[in-house]
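# Observations on the three-dimensional arrangement
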Amino acid sequence: MNDTRRAVLEAISEDPVAGPELADRLGVSRNAVWKHVEALRDAGFEIASGDDGYRLDGAPEYSGPAVEYGLDADFAVEYHDAIGSTNDRARELAGEGARDVVVLADEQTGSRGRLDREWSAPSGGIWLSAVLRPDLPPAHAPALTLAAAVAMTDVAREAGVNAEIKWPNDILVSEARQSGDTTDETADRGGKKLAGILTEMEGEAGQVSWVVVGVGLNANVSADELPEGATSIREEVGDVDRRVFVQRLLERFDELRADPETAVEAWRDRSATLGQRVRVETPTGEIVGEAIDVAFPGALVIETDDGERVHVHAGDCEHLRPV
Ligand code: BT5
């Protein structure tokens, strides 16, 4: 991100400022100011130039340059109005050697959840996949999923949504606890699903080659466009500015990925799962007990009814109502 360009944008966002004055204020040439203005126009910012100078008339739509400008994290953004799956495109880029590139789309037509489940991604949501090349052993990559979950939870909370994390990768808005409704069935999903994460990876000889962290968050989408049991930012608090939301999300994720151990700690504080009685379907069978901790880099620690402590690395988790 270019600091001068951001300063130009900030300076002209309220009142018009003449080119020469802007050049003085920012300590650059008039020609440089003009070039920054032109670049911003190319990126979709509407900048009027009248007698009293340049004035910002409109921020760009949701696009790659729109997200990149003003982004305080080192990611390039490739934007698509519609794409099959941002994870598929990110994997392609990873294969070509990309790093710190984010594939962002307004709509996905063939997006995937875990285990090739279908993921609904209508226009208006936040669908993105980040290509990363972290200096980590493959076994530590799950910490990046946890980091993404913390980032999504924090930014959803900043938007006023009461988000929590269900192990390992669901962001939920817990309704039962909000309304005090603890009747009916013995099991539920722990709330309505706002977002999910699909992390894919390639690595060898103890070193990650690339990781793609795919994030799907129902932002400006109505409930009737989503599967049953899902919710959205629109349903909870109304629409958000997706450009700003994605910027905050990438900035928070950037902080957390630098320190995976801290990300796991932050995950604990935002967890809806810890302290709950849970049932986890794992590839090797079902485990029931109390979720007592999450262990680095992301295993759920369950204390079963016979007092045994089991570390579960992957599976589908259901929160059970207390007996
Ligand atoms: C996930 O899988 O939650 C991971 C979702 C990752 C989606 C992102 S979008 C950007 C990137 N590109 C992709 O192609 N994928 C990633 P899982 O835990 O398996 O949950 C899948 C289940 O969630 C489905 O079986 C449905 O029940 C439910 N579901 C589908 N679409 C949903 C939505 N938009 N909101 C909430 N729940 C949904």
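In short, a report on the structure. (Residues numbered from 1 in each chain as written. Predicted model: local features only at pLDDT ≥ 70, side-chain atom pairs only at ≥ 80, totals over all residues. Heavy atoms only, no water.)

## Details of the environment of Thr 199
For the record, the criterion: Think of it this way: any DSSP run of H or I at least four residues long counts as a helix, any run of E at least two long counts as a strand, and we number them from the N terminus. With a 1.4 Å probe rolled over the protein chains alone, any residue whose accessible area is under 20% of its type maximum counts as buried; one over 50% counts as exposed, and the rest are partly exposed. Every residue pair with non-hydrogen atoms within 4.5 Å of one another is taken to be in contact. Polar contact is the term for a pair of N or O atoms within 3.5 Å; when the atoms are in protein, one must be able to donate a hydrogen and the other to accept it, and sequence-neighboring residues count only if both atoms are side-chain atoms.
Structurally, Thr 199 can be placed in strand E9 (residues 192-204). On the basis of relative accessible area, Thr 199 is assigned to the partly exposed category, the value being 27%. Each C-alpha atom of the pair Thr 199 and Gln 247 lies 20 Å from the other, and the pair is 48 residues apart in sequence. Contacts of Thr 199, omitting those with residues within four sequence positions, involve Thr 145, Val 211, Val 212 and Val 213. For Thr 199, the side chain forms a polar contact with the side chain of Thr 145, separated by 2.7 Å.

## Some thoughts on the packing of helix H1 (residues 3-11) against helix H2 (residues 19-26)
Condition: Only the stretch in contact is used when a helix axis is fitted, and all axes are lines through C-alpha atoms; the angle between N-to-C directions ranges over 0 to 180 degrees. Under this scheme an angle from 65 to 115 degrees is roughly perpendicular, one under 35 degrees roughly parallel, and one over 145 degrees roughly antiparallel; angles in between are oblique. Handedness of a crossing follows from how the near helix is turned relative to the far one, being left-handed for an anticlockwise turn of less than a right angle and right-handed for a clockwise one. Nonpolar residues are Ala, Val, Leu, Ile, Met, Phe, Trp, Tyr, Cys and Pro. Charged residues are Asp, Glu, Lys and Arg, and all others, Gly as well, are polar.
Interhelical geometry of H1 versus H2 gives an angle of 130 degrees and a closest axis separation of 11 Å. When the axes of H1 and H2 are compared, the pair comes out oblique. In this structure, H1 meets H2 at a crossing whose hand is right-handed. Each of Thr 4, Ala 7, Val 8 and Ala 11 in H1 lies in contact with H2, whose residues at this interface are Leu 22, Arg 25 and Leu 26. Here the contact of H1 with H2 is built from residues that sort into five nonpolar, one polar and one charged.

## Concerning the nonpolar core
Selection rule: Throughout, nonpolar core names a set of buried Ala, Val, Leu, Ile, Met, Phe, Trp, Tyr and Cys residues whose side chains join them through atoms within 4.5 Å. For each domain, the first and last residues come from an automatic or database assignment.
One finds Ile 126, Leu 128, Val 213, Leu 217 and Phe 253 to be the most contacted residues of the largest nonpolar core, which totals 62 residues. When residues of this core are assigned to their parent elements, the largest contribution, eleven residues, is made by helix H6 (residues 142-158). Among the domains, domain 2 (64-269) and domain 3 (277-320) are the pair contributing at least three residues each to this core. The contacts of Leu 128, once residues within four sequence positions are left out, are Thr 86, Val 102, Val 103, Leu 104, Val 213, Gly 214, Val 215, Val 246, Leu 249 and Leu 250.

## Brief notes about helix H9 (residues 242-257)
Residues spaced three or four apart along an α-helix face the same direction, because each turn holds 3.6 residues. Stated formally: Here a helix's expected span is defined as the number of its residues, less one, multiplied by 1.5 Å.
With 16 residues, H9 ought to run about 22 Å at 1.5 Å a step, and its terminal C-alpha atoms sit 22 Å apart, in line with that. All of the buried residues along H9 are Arg 242, Arg 243, Phe 245, Val 246, Gln 247, Leu 249, Leu 250, Glu 251, Arg 252, Phe 253 and Leu 256. One side-chain oxygen of the residue at the start of H9 lies 3.0 Å from the amide nitrogen of Arg 243, identifying that residue as Asp 241.

## Observations concerning the sheet that holds strand E3 (residues 76-83)
Cut-off, in case you're wondering: We treat two strands as partners when DSSP finds at least two bridges between them.
Across the sheet, which stays open at both edges, the seven strands sit in the order E3-E4-E5-E10-E9-E7-E6 with mixed pairing between neighbours. Looking at strand neighbours, the two that pair on one side only are E3 and strand E6 (163-166), the edges of this open sheet. For this sheet, the mean angle separating the axes of adjacent strands, direction not counted, is 20 degrees. Where strand E5 (residues 126-132) lies against strand E10 (residues 207-217), seven bridges are found, and the strand directions are antiparallel. The residue bridging Ala 130 from the neighbouring strand is Val 213, located in E10.

## With respect to the packing of aromatic side chains
How we decide: Two aromatic rings, drawn from Phe, Tyr or Trp (for Trp, its six-membered ring), form a pair once their centres lie within 6.5 Å of each other, and the interplanar angle then sorts them: stacked below 30 degrees, edge-to-face above 60, tilted otherwise. A ring is considered to have a charge above it if a Lys NZ or an Arg CZ atom is located within 6 Å of its centre and within 35 degrees of its normal.
Across all of its chains, the model carries two aromatic pairs by this definition. Ring centres of Phe 45 and Tyr 69 lie 6.1 Å apart, and the angle between their planes is 55 degrees; on these two criteria the pair is classed as tilted. Placement of Phe 45 in the loop between helix H3 (30-42) and strand E1 (46-50) and of Tyr 69 in the loop between helix H4 (64-68) and E3 is noted, with a sequence separation of 24 residues between them. Pair check on accessibility: Phe 45 and Tyr 69 agree, each one buried. Here Tyr 62 and Tyr 79 contribute two aromatic rings whose centre-to-centre distance is 5.7 Å and whose plane-to-plane angle is 80 degrees, an arrangement assigned as edge-to-face. Of the two residues, Tyr 62 is situated in the loop between strand E2 (53-58) and H4 and Tyr 79 in strand E3; the sequence distance between them amounts to 17 residues. On the accessibility criterion, Tyr 62 (11% relative accessible area) is buried. We classify Tyr 79 as partly exposed; its relative accessible area is 22%. One cation-aromatic arrangement involves Arg 242 over Tyr 62; the distance from NZ or CZ to the ring centre is 3.9 Å.

## Observations regarding the pattern of salt bridges
Worth spelling out the cut-off: We define a salt bridge as a contact between a side-chain nitrogen of Lys or Arg and a carboxyl oxygen of Asp or Glu at a distance within 4 Å.
One pass over the structure, following the stated rule, counts 25 salt bridges. Among the salt bridges present, the one from Arg 114 reaches Asp 316, with a minimum N-O distance of 2.5 Å. You can see Arg 114 sitting in the loop between strand E4 (101-108) and E5 and its partner Asp 316 sitting in strand E15 (residues 316-320), a full 202 residues away along the chain. Exposure remark for Arg 114: the relative accessible area of 23% places this residue in the partly exposed category. Between Glu 255 and Arg 252 there is a salt bridge; the shortest N-O distance is 2.7 Å.

## Some words on the packing of H6 against H9
Packing of H6 against H9 leaves a shortest axis separation of 8 Å and a crossing angle of 140 degrees. With respect to each other, H6 and H9 are oriented oblique. For the element pair H6 and H9, the recorded crossing hand is right-handed. Residues Leu 144, Ala 147, Ala 148, Val 150, Ala 151, Met 152, Asp 154, Val 155, Ala 156 and Glu 158 of H6 lie in contact with H9, whose contacting residues are Phe 245, Arg 248, Leu 249, Arg 252, Phe 253, Leu 256 and Arg 257.

## A word on the pairing of E2
Here E1 pairs with E2 via five bridges, running antiparallel. Within E2, the residue paired with Glu 46 across the bridge is Gly 58. Adjacent in sequence and paired antiparallel, E1 and E2 are bridged by two residues.

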